[in-house]
Each structure stands twice: as structure tokens, then as C-alpha cells.
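Residues per chain, in single letters:
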Amino acid sequence: QVRLVESGGGLVQAGGSLRLSCTASGSISINIMGWYRQAPGKQRGLVATITSGGSTGYADSVKGRFTISRDNAKNTVYLEMNSLKQEDTAVYYCNLRRRFDPADYWGQGTQVTVSS
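Cut-offs and rules
Residues numbered from 1 in each chain as written. Predicted model: local features only at pLDDT ≥ 70, side-chain atom pairs only at ≥ 80, totals over all residues. Heavy atoms only, no water. Pairing = 2+ DSSP bridges. Helix = DSSP H or I, 4+ residues; strand = E, 2+ residues; numbered from the N terminus. Axes fitted to C-alpha atoms, helices over the stretch in contact; angles between N-to-C directions. Buried < 20%, exposed > 50% of the residue type's maximum accessible area, 1.4 Å probe, protein only. Disulfide = S-S within 2.5 Å.

Visitor: Can you lay out the sheet that holds strand β1 (residues 3–7) for me, pointing to particular residues and giving the numbers?
Guide: An order of β1-β3-β8-β7 is seen for the 4 strands of this open sheet, with the pairing classed as antiparallel. Two strands lie at the open edges of the sheet, namely β1 and β7 (66–71), each paired on one side alone. Ignoring strand direction, the axes of neighbouring strands in this sheet form an average angle of 15 degrees. Inspection of the sheet shows strand β3 (residues 18–25) paired to strand β8 (residues 76–81) by 6 bridges, in the antiparallel sense. Of the residues in β8, the one forming a bridge with Cys22 is Val77.

In C-alpha cells:
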């Protein structure tokens, strides 16, 4: 069974920075990990993804401000968020997809609130 545990959310002023972490456990071998976010009244949307090999992808809204990285030895993915804006306020969810597995695995979510 795959389990994802997130940490690092919180309250920050606009222009500030936060770092989210997500540690995976279980049988995860080759996979893609990523971060999604959901603001109140909006659908959950992609923020960034990273493959086991380190290839990354970003939503246009966060390019140049957010950086996704991973430590395969620790089964952990990070999201470094800089120059935060109020519109980045959302619950951030960690996601994992395994090779040959159609299932999506999600963390419990961590709240990020950016104040003016």
C-alpha cells in the first residue's frame, strides 16, 4: 500500500517562501511524483511534477517561482515556493503515480495561506 505524508504548509506574507515535503512509503519503485493544489471553490490543479529520473514539469502560473525536487533515497519530494502570491493560497496535495499502475495516490493535503 502506498502512503504519502506531507508537511511544511503554513501562513506566509506575500513575497515570502515556503518549502513543502512529501514522503512516500510502500512499493513505489518507478514513479512520477507531483504537487497539486485546490483553492476554495476551484478544482484541484497541477502545480509541478517530477519523474524518478528527475524530469520536471510546471504549471505556467508557478514557473520561475516554484521548484520541485526529489530525494529518491528518502522517497521524498519537495516543493520550494518563492515569491508567493495571494493567489497561491490553497490546500496543496502530494500525488504519486506508479509505472503500470492506473491508480492515483494522494496525501492528506497541507494548507498554504499567503497574506497581503
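Visitor: So, unusual backbone geometry: which residues are in play, and what are the values?
Guide: A positive phi angle, near 50 degrees, is found at Asn75, a position not held by glycine. Within the secondary structure, Asn75 is located in the loop between β7 and β8. Positive phi, normally seen in glycine, also occurs at Phe100, with a value near 65 degrees. Looking at the element boundaries, Phe100 is found in the loop between β9 (90–98) and β10 (105–106). On the basis of relative accessibility, which here comes to 76%, the residue Phe100 falls in the exposed class.

Visitor: I'd like a description of the state of the cysteines, backed by residues and values.
Guide: A complete count under the given rule lists 1 disulfide for this structure. Note that Cys22 is cross-linked by a disulfide to Cys94, the S-S spacing being 2.1 Å. Handedness here is read from the sign of the S-S torsion; for Cys22 and Cys94, about -80 degrees, the answer is left-handed. Separated by 72 residues along the polypeptide, Cys22 in strand β3 and Cys94 in strand β9 bring together distant segments of the chain. The buried category is assigned to Cys22, whose relative accessible area is 0%.

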